[in-house]
Amino acid sequence: MVLGRGNFSRSVAFRWIVSYAVILLIPVALSVIVYSQTREIVEYEIKRASVAMLKQVKYIVDGELRQTENLAAQLTVHPDVRHFLDLKDETGASAYHIYRTEQQLKKMLAANDFLKDIYIYSNALDSVLSGETYASARMFYEMKNQTGTFAYEDWRELMIADHAGQYVQLPVKNKEKKENTPSYIRSFPAQAGSGAAGTLLIPLNAEKIKTMLENIDWVKKGQVFIVDPNGQILFQNSENVEALSATYRKWIGRGTSTFTDTFQGKKSMITIESSDTSGWSYVSVFPVDVFWERARAVRTLNVLGLALCIGIGGLLIYYFARKNYDPVKELVNVFSLRQRQGTSRDLDEYTYIRRNVLETIRERDDMKNRHVRQLRVLQSYYLSRLMKGQTDRNVPLAEAAMTHHLSWTSDRFAVLLFYIDSDEGGTTDLPLSQFIVSNIVKDSVEGRHAIDFTDVDGTLGAVVNVAPGRADCWKDEIEDALAQAYEFITARYKLRFTTVGSDLQTGLDGVHQAFLQALEAQEYRMVLGEDALIWYGNVKPSEGSYFFTVNDEMILLNLLKADEFEKAKGMIDQIVQRAFQRQTPLEMAKCVLLDVATTLIKSIPGPEQAGVAWEEWRPLKRLLSCATKAEFHQELHDIFDKVCGVLRSRQTAHAGAGIGDQVAEFVKENYRDPNLSVSMIGDRFRLTPQYVSRLFREQIGQGLHDFISQTRVEAAKALLQTGASIDDTAARVGFASGHAFIRVFKKYVGITPGKYKALQ
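The sections below set out a description of the structure shown in this document. Residues take numbers from 1 onward in each chain, read along the sequence in its written order. Owing to the predicted nature of the model, reporting of local features is limited to residues with pLDDT of at least 70; listing and counting of side-chain atom pairs is limited to 80 or more, with chain, interface and lining totals taken over all residues. Excluding hydrogens and water, the side-chain figures rest on all heavy atoms present in the structure.

**Details of the overall build of the chain**
Helix and strand definitions here come from DSSP, where helices need a minimum of 4 consecutive H or I residues and strands a minimum of 2 consecutive E residues; each element is numbered from the N-terminal end. Each helix and strand in the chain was counted, giving 30 helices and 17 strands. Note on classification: 1.4 Å probe, protein chains only; a residue is buried when its accessible area is under 20% of the maximum for its type, exposed when over 50%, partly exposed between these limits. Split into buried and exposed, the 760 residues of the chain put 44% on the buried side. Contact criterion: two residues are considered in contact whenever any of their non-hydrogen atoms come within 4.5 Å of each other. Considering only intrachain contacts with a sequence separation of at least 6, the fraction spanning at least 24 residues in the chain is 63%. Calculation of accessible area relied on Shrake-Rupley with a 1.4 Å probe; when residues are assessed, cover is drawn exclusively from the protein chains displayed. Summed over its atoms, the accessible surface of the chain is roughly 41,400 Å², and 52% of this surface lies on carbon and sulfur atoms.

Now the structure itself:
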C-alpha cells in the first residue's frame, strides 16, 4: 500500500505525531495552570503560616499567664502570706514571719522566670514585702514605681482598691530605667469583716517575653505585638513603637482574623488572635514579599521545565513515531501481496490491515463451520449405527473415538432415550425440540461425563461415556443433571420429556446392549407416568412370587370390618407401590391390583350389595382400562371410597334403629353365657366392638362392659338370697370362676358375696 503525499494526513504516522504532541501539551497545560494557581496557593500558605505562628505565641504566653494566676491563687491561701497580712506591728516575732514569707516568695520567684518579681502590700502595716526587700509603702514606691506621671497617691489608691484579678500597666524599674510593664494585681480578702487585707502585685518579665518572641520562627522577618484590651502595646519584638500607634487600632476592631493591609509602606499579611485567658490581642505583621520569594523560584522552575519539555518532547515524538511505524509498514507490505486494485488509496494503514484480517478470519470461520457441521453429521450417523449394532465392533475404542472426535475416556457406556412433549404454548417442531433438549442436557452433564446425542428413528438418543473411577456414582450424577435441565427447559421453553436409561455396559458391543435395555425400559413409560426418569435396572422383569396372599386379603377384610379405614387405605397404597417399584412384571401387577379391587367389593355385606348400581359403576372394567400407575392408584382409591361409604351407611342404619335397646335386651337374655363379651355382641350385630360400644354408651348412657357385669351381679344377688353357694351362683350367672365373681361382686356391691349372704 502506497499513500500519496496529498493523503499523508490519513496516515497512521500523522495521527501518532498529533497524538504525541497532544500528550506533550498535557504537562505544558498543567504547568500553566499550576503557575496561574501559584498566587492563591502562596496566599493560602501565608495565612496558614501566619496563623500557626501566632497561635504558637498565644499558647505560650497564655500558658504562662495561667501559671501566674494559679500562683496568685496559691498565695491568697498560703499560711505564711496570711500570717504576714494579719500582723499589726513590727515586733521581733513579726520580723521572723516577715523573713519566712520573704523566703517563700524567693522560692516561688526562682521557679518561674516568666515573673519579674512578687510584691505583697499589707494594709495593716502599710508596707510592701517582696523576695528582695521589705519596705514601707512610700519607700517601695520611690524605689520601684515612681515616675513623673504616676504619683504616690495614684499608686496607693491602686494598692488599697479591691481587685478581683486583672492586668494593669505599671512603671517598673528594669535595668536602671523604669518601663511600663504588664502586672497582675489581685486583692487579699480579709478573714473577718469587710475590705481587703492587702494586695498582690506580680510584674511580668518583659525581657523574657520579648526574647521568646524573637526566638520564634519567621518573627525576625515580621513584627509581633501583644496589646491589652485598652489598646496599649504590652510587648513587641521591635523597638519601632510609632509604627503601630494609629494603624493597629482599626485592626483590633476586626477581632480574630487574617487579612492583607499596608504597613510601613509594604503590603503585609496581618493576623489577629484573641486570648481566652487575659483578654489580650496577639497581632502579627509580615511582608507578603517574604513568602513570594518561594513563588518566584517556582515560576522560574516552571518556565525552565516547559522549555525543556518542549525541546526534548519534540525529539522523542519524531523518534518514536518513526520507530513504531516500521512494524505497521511491514504488515501493510505483507497484505499488499493480495491487494486489489483501486481499494487502498482512500484507507489508512490500520483500516487496511483490519479489513484484510477480517476477511481472513471470515474465510477461516466459514471453513471451520462447514467442518463442524460435517463432523456432527458423521458423529450422529456413527452413534445411530452403533446403538443399532450396525458398526464394525472390532475397531478399537480409542481409534473410533479419535476418528469421530468423541471425547471418550473409558470403556463404560450407557444409553439414554428422550421422549419429548410440549405444554400449551411450547414449540411443536420436533427437530427444534431435540436441539433444545440435547444442548441443555449436554451442558448439564458435561464436566462429569461425556455425552453425545443422535436421532434414532425420530427419538432423541444419547450415549453416555462414564468417566473413569465414577462407575459407582454415575447414575446419581446423571439424575441430578437431568433434574436441573428438566426444570430449566420446562420453565423456559415449556417442553416436557421422559427419560429412559440402561444399565452400565462395557465396550462398544455394550452400546448396542444398552440401547436394547433402554427400549425395553421405555415400555414402562406409560405405566410409571410421563415426565419421569426410568432406569432399566429398576423395571427389568423378575420372577417374583405373587405377593398379595390370602393372609393379606384377610387382613384387608378385617380392617374394613373393624372400621379401620385409614389403615386399610395405607395398606392399599403400599400394595400399589410394591406393584410398580419392585421389578414386578406388568401382567402380575395388574392381577394383584385386580385382586385388591375384588377384595374391597367382597367386604360389602350381601344385603347391601343389592343396593349398589353395578351397571353404572363397573369398577373392574374401569380398573382394567387404566394404563399408568397414577390411573391405577386413583381408580383403587375410588373403589375404596365407594366401599367405605356403603359400610358407613350400614353402620349408621344400625345406629338409627335403636341399637342400644337391642344390645341391652340381648345381654339380659344371654348373661348366663360365659362367652358373652363386647366382641361377641359386635359379631352378632355385624358391627366392630369399638363402634357398638360407642353406640351403646351414646344411647343408654353406660358402658357396655359395665352393663354386662351389673346384669350378672343383680342375678347373683337373687340367687344368694335363696341360699345358693358362691361357686354355684358364679357358674349360673356366667362367671368363669369363683374368684372372678367375688372380685366383680365386691366392685359393684361393696362387700363380698359371703358377707352379703350372711347379712341376708
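Moving on from the coordinates now.
**A word on the environment of Leu 647**
Along the chain, Leu 647 turns up in helix H23 (residues 629-656). For Leu 647, a relative accessible area of 10% translates into the label buried. With 84 residues separating them along the chain, Leu 647 and Asp 563 place their C-alpha atoms 8.4 Å apart. Those residues in contact with Leu 647 that sit more than four places away from it in its chain are Leu 560, Phe 565, Ser 603, Ile 604 and Pro 605.

**With respect to the packing of helix H24 (residues 659-670) against helix H27 (residues 704-721)**
When two helices pack together, their arrangement is captured by the angle between the axes and the distance separating the axes. Running from N to C, H24 and H27 point in directions that differ by 35°, and their axes come no closer than 10 Å. Once H24 is placed against H27, the crossing between them reads as right-handed. In this structure, H24 contributes Val 663, Ala 664, Val 667 and Lys 668 to the contact, and H27 contributes Leu 704, Phe 707, Ile 708 and Thr 711. Where helices are involved, their axes are fitted lines through C-alpha atoms of the stretch in contact, as for all axes, and angles between N-to-C directions lie from 0 to 180°. Here is the rule for handedness: rotate from the far helix to the near one, and if that takes an anticlockwise turn smaller than a right angle the crossing is left-handed, while a clockwise turn gives right-handed.

**A short note on unusual backbone geometry**
Even without a glycine there, the phi angle at His 405 is positive, about 55°. Mapped onto the fold, His 405 is located in the loop between helix H11 (397-403) and strand E12 (412-422). His 405 sits in the partly exposed class, given a relative accessible area of 49%. The phi torsion at Lys 494 lies on the positive side, around 55°, for a residue other than glycine. Mapped onto the elements, Lys 494 comes out in the loop between helix H13 (474-493) and strand E15 (495-501). Assessed through its relative accessible area of 38%, Lys 494 is described here as partly exposed.

**Concerning the sheet that holds strand E8 (residues 233-236)**
At least two bridges found by DSSP between two strands are what make those strands a pair. On the basis of which strands lie adjacent, the open sheet formed by 5 strands has the order E8-E7-E11-E10-E9 and antiparallel pairing. Either end of the sheet is taken by a strand with one partner, and the two such strands are E8 and strand E9 (257-263). Mean inter-strand twist for the sheet, computed between neighbouring axes without regard to direction, equals 25°.

**Quick word on the pairing of E9**
Relative to strand E10 (residues 266-274), E9 runs antiparallel, the two sharing 7 bridges. Within the sheet, the bridge partner assigned to Thr 258 lies in E10 and is Thr 271. Between E9 and the antiparallel strand that follows it, E10, lie 2 residues; Gln 264 among them carries a positive phi value of about 55°.

**Topic: the layout of surface pockets**
What the largest pocket holds in volume is close to 650 Å³. Contributing elements (two or more residues each) for the lining of the largest pocket: helix H10 (349-388), helix H12 (430-445) and strand E13 (450-456). Residue composition of the lining of the largest pocket, grouped by class: 10 nonpolar, 8 polar and 5 charged. Residues are called lining when one of their atoms sits within 4 Å of a cavity or pocket point, these points coming from a 1 Å grid over the protein atoms alone, where a cavity is a set in which a 1.4 Å probe fits but cannot get out and a pocket is an open set with protein on both sides within 12 Å along at least five of seven lines. Grid points are joined across faces, edges and corners, and a volume is the space filled by probe spheres set on the points. In this count, Pro and Cys sit with the nonpolar residues alongside Ala, Val, Leu, Ile, Met, Phe, Trp and Tyr, while Asp, Glu, Lys and Arg are called charged and the others, Gly among them, polar.

**So, the pattern of salt bridges**
When a carboxyl oxygen of Asp or Glu lies within 4 Å of a side-chain nitrogen of Lys or Arg, that pair is called a salt bridge. With the rule as written, the count across this model stands at 12 salt bridges. For Asp 457, the salt bridge is made with Lys 388, and the minimal N-O distance between the two is 3.1 Å. Taken together, the positions of Asp 457 in the loop between E13 and strand E14 (459-465) and Lys 388 in helix H10 put the pair 69 residues apart, joining distant regions of the chain. Asp 457 sits in the exposed class, given a relative accessible area of 65%. Overall, Lys 388 belongs to the partly exposed group, its relative accessible area being 27%. With a shortest N-O distance of 3.9 Å, Lys 717 and Glu 714 are connected by a salt bridge. In this pair, Lys 717 and Glu 714 are both assigned in helix H27, 3 residues apart and thus about one turn of the helix distant. A single network of salt bridges, built from pairs that share partners, joins Lys 442, Glu 446 and Asp 452.

**Some details on the nonpolar core**
Ile 118, Phe 235 and Trp 280 are the most contacted members of the largest nonpolar core, which has 40 residues in total. The dominant element in this core, judged by the number of residues it contributes, is helix H2 (residues 38-77), at 8 residues. The nonpolar core is taken to be a set of buried Ala, Val, Leu, Ile, Met, Phe, Trp, Tyr and Cys residues, with the residues joined through side-chain atoms within 4.5 Å. Among the nonpolar cores identified, the runner-up in size contains 30 residues, and Phe 548, Val 592, Phe 632 and Ile 639 belong to it.

**Considerations on H10**
The span one expects for a helix is its residue count, reduced by one, times 1.5 Å. For H10, spanning 40 residues, the distance from its first C-alpha to its last is 59 Å, which sits close to the expected 58 Å at 1.5 Å a residue. Among the residues of H10, Glu 349, Tyr 352, Ile 353, Asn 356, Glu 359, Leu 375, Gln 379, Tyr 382, Leu 383, Ser 384, Leu 386 and Met 387 are the ones counted as buried.

**As for a nonpolar patch on the surface**
On the surface, Leu 308, Ile 312, Leu 316, Tyr 319 and Phe 320 cluster together into a nonpolar patch covering about 480 Å² of accessible area. Mapped onto the secondary structure, Leu 316 falls in helix H9 (residues 289-335). Looking at Leu 316, the relative accessible area reads 42%, which means it is partly exposed. Candidates for patches are residues over 30% relative accessible area with no salt bridge; among them, like charges are joined within 9 Å and nonpolar side chains (Val, Leu, Ile, Met, Phe, Trp, Tyr) within 5 Å.

**Observations regarding the side chain of Gln 505**
Summarising the element assignment, Gln 505 is placed in strand E16 (residues 505-506). N or O atoms closer than or at 3.5 Å make up a polar contact, with two conditions inside protein: a donor-capable atom paired with an acceptor-capable one, and, for residues adjacent in sequence, both atoms drawn from side chains. A distance of 3.3 Å separates a polar atom in the side chain of Gln 505 from a polar atom in the side chain of Gln 517. Apart from the residues within four sequence positions on either side, Gln 505 is in contact with Asp 411, Arg 412, Phe 413, Gly 510, Gln 513, Ala 514 and Gln 517.

Purely geometric numbers; function is a separate question.
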